[in-house]
Amino acid sequence: MTDYRIFNTTDAIHFADEHSELFGDHSKLTAEEFGDGNLNLVFRVVNDKGTSVIVKQALPYARCVGESWPLSTDRARIEAEVLQTHGRFCPEHTVEVLYFDRTLSAILMEDLKQYEILRTALVKGKQFSKLAEHVARYLAQSLFYTSDFVLTGPAKKAAVAQFINPDLCLITEDLFFTDPYCNHERNNIHSLILPRARQLWQDEELQAEVAVLKADFLSKPQALLHGDVHSGSIFINSGNTKLIDAEFGYYGPIGFDCGSFIANLLLNYIASPALFSNTEQAAAQQHYLLTQISDFWSSFSQQFTQLMATETQDPALQNSRYQQRFMHSVFVDTIGYAGCELIRRTVGLAHVADLDKITNANQRAACETQAIELGRALIMARESVKDIAAVLQLVSDIATTSN
Ligand code: SR1
Ligand code: MG
């Protein structure tokens, strides 16, 4: 058995060549490391005809911080197995895993070179008409078919155990629910919004609601989550959408994945007036994003409701009143977790390009403040807000009062 070692480009070439059928015997292979994420090495291996694959390797530490932040390389197994599981239920929107080596913590996967990263595209003002439909389908299928509605009790417990992911869950537990609400050294707060960030540290009313959401994140194994559905984990083009980077996957509350997706569209919504100097373009982008959020929630909730009605295996869970209550609780969680994502992307360790690319410091501070206000409002109103239309009204109201 080969021991774990950190790959260089030659290792990545050998790994790809050994485990892929894509390259012929006399292929001339080259590789480049192009990972720009927070945690891993990512290589593209290409032959002389342009055929390519991706080799992703988990480092024994967080790449963005270095060896002082050790992390289990088991996250590569989690990522491969989440993608393989989700790929069974929604292959059209899940990146394909071609091979996984547990000892090397390395995954060989399809190269999505015909796609672009959603966040990069949104920051440029691009729009994709099927984004909401595709992400809704991915989440409805993958979350429903890994839930108690389908799995037997023993099968579900085995699945929960398979996806115990302590290191990566701890990152989320800290970065989402703890750090933004105290003066933590990991926080990354632009000086102009420091007074608003300090208010978060004193906001006991908000902190109580965030504690409820954190407790649910810790103890509500509803389905096998992707765990990190931000717009950097979504590859897209005009025809299709694929989810990548499932290393934060574990059994948790369904609303966490839905809320992460919605919040990332909202972050771009908030940034749009500052990213696009043309006010008509900014307004069009904002209109597009709100429509996508509305379509996403309608499509996700309709599909999940339909699946509950027709595919539920457990006789007790076939009760339609229970299913309605379940869907409502997923909605409440979704809005709450969306609020947490908005706040943590503004004052926490991991920012987003949508806000960080705003060059004017005053404009950026105004957008970041708006993200905090909206995040707070969503968390506080999540149980009373009636439906997604009311959520979007809240979004528009806060944007209007902030401008
Ligand atoms: C140290 S990891 C920071 C963030 O990057 C990942 O994509 C997750 O969103 C995580 O919170
Ligand atoms: Mg990632």
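Model, not experiment: these values are computed from the prediction.

So, how was this worked out
- Residues numbered from 1 in each chain as written.
- Chains lettered and ligands numbered in written order.
- Predicted model: local features only at pLDDT ≥ 70, side-chain atom pairs only at ≥ 80, totals over all residues.
- Heavy atoms only, no water.
- Phe/Tyr/Trp six-rings, centres within 6.5 Å; stacked < 30°, edge-to-face > 60°.
- Helix = DSSP H or I, 4+ residues; strand = E, 2+ residues; numbered from the N terminus.
- Buried < 20%, exposed > 50% of the residue type's maximum accessible area, 1.4 Å probe, protein only.
- Pairing = 2+ DSSP bridges.
- Axes fitted to C-alpha atoms, helices over the stretch in contact; angles between N-to-C directions.
- Parallel < 35°, antiparallel > 145°, perpendicular 65-115°, else oblique.
- Left-handed = near helix turned anticlockwise from the far one by under 90°.
- Contact = heavy atoms within 4.5 Å.
- Salt bridge = Lys/Arg side-chain N within 4 Å of Asp/Glu carboxyl O.

1. Brief notes about the packing of aromatic side chains
Evaluation of the coordinates by the stated rule reveals 23 aromatic pairs. Ring geometry for Phe 149 against Tyr 322: centres 6.2 Å apart, planes inclined by 40°, an arrangement best described as tilted. Within this pair, whereas Phe 149 is found in the loop between helix H4 (131-144) and helix H5 (153-162), its partner Tyr 322 is found in helix H11 (residues 320-347), the two being separated by 173 residues in sequence. On the basis of relative accessible area, Tyr 322 is assigned to the partly exposed category, the value being 30%. Relative to Phe 304, the ring of Phe 300 has its centre 5.6 Å away and its plane inclined at 35°; by these criteria the two rings are tilted.

2. Quick word on the pairing of strand E5 (residues 66-70)
For a regular strand, side chains alternate in direction, first toward one face of the sheet and then toward the other. Pairing analysis gives two bridges linking strand E4 (residues 61-62) to E5, with the strands arranged antiparallel. Bridge pairing links Ala 62 to Gly 66 in E5. Where E4 hands over to E5, the hairpin turn is made up of three residues, counted between the paired strands.

3. Re the pairing of strand E6 (residues 97-101)
Pairing between E6 and strand E7 (residues 106-110): four bridges, direction antiparallel. When the bridges of E7 are listed, Tyr 99 appears paired with Leu 108. Where E6 folds back on E7, the antiparallel hairpin that results is connected by four residues, among which Ser 105 adopts a positive phi of roughly 50°.

4. Observations regarding the packing of helix H10 (residues 279-311) against helix H14 (residues 388-402)
At a closest axis distance of 10 Å, the pairing of H10 and H14 adopts a crossing angle of 160°. In terms of orientation, H10 lies roughly antiparallel with respect to H14. Note that H10 runs across H14; the crossing there is right-handed. When H10 is examined against H14, the residues Leu 290, Ile 293, Ser 294 and Trp 297 are found in contact with a partner set consisting of Ile 388, Leu 392, Val 395 and Ser 396.

5. Quick notes on the pattern of salt bridges
Counted under the stated rule, the structure contains 27 salt bridges. The closest approach of N and O atoms between Arg 77 and Glu 81, which form a salt bridge, is 2.7 Å. One end of the pair, Arg 77, and the other, Glu 81, are both in helix H2 (residues 74-89), four residues apart, so they sit about a helical turn from each other. For Arg 77, a relative accessible area of 9% corresponds to the buried category. Overall, Glu 81 belongs to the buried group, its relative accessible area being 19%. For Asp 179, the salt bridge goes to Arg 186, with nearest N and O atoms at 2.8 Å. Assessed through its relative accessible area of 1%, Asp 179 is described here as buried. Exposure remark for Arg 186: the relative accessible area of 24% places this residue in the partly exposed category. Several salt bridges share partner residues, and in doing so they unite Lys 56, Arg 75, Glu 79, Asp 245 and Glu 247 into one network.

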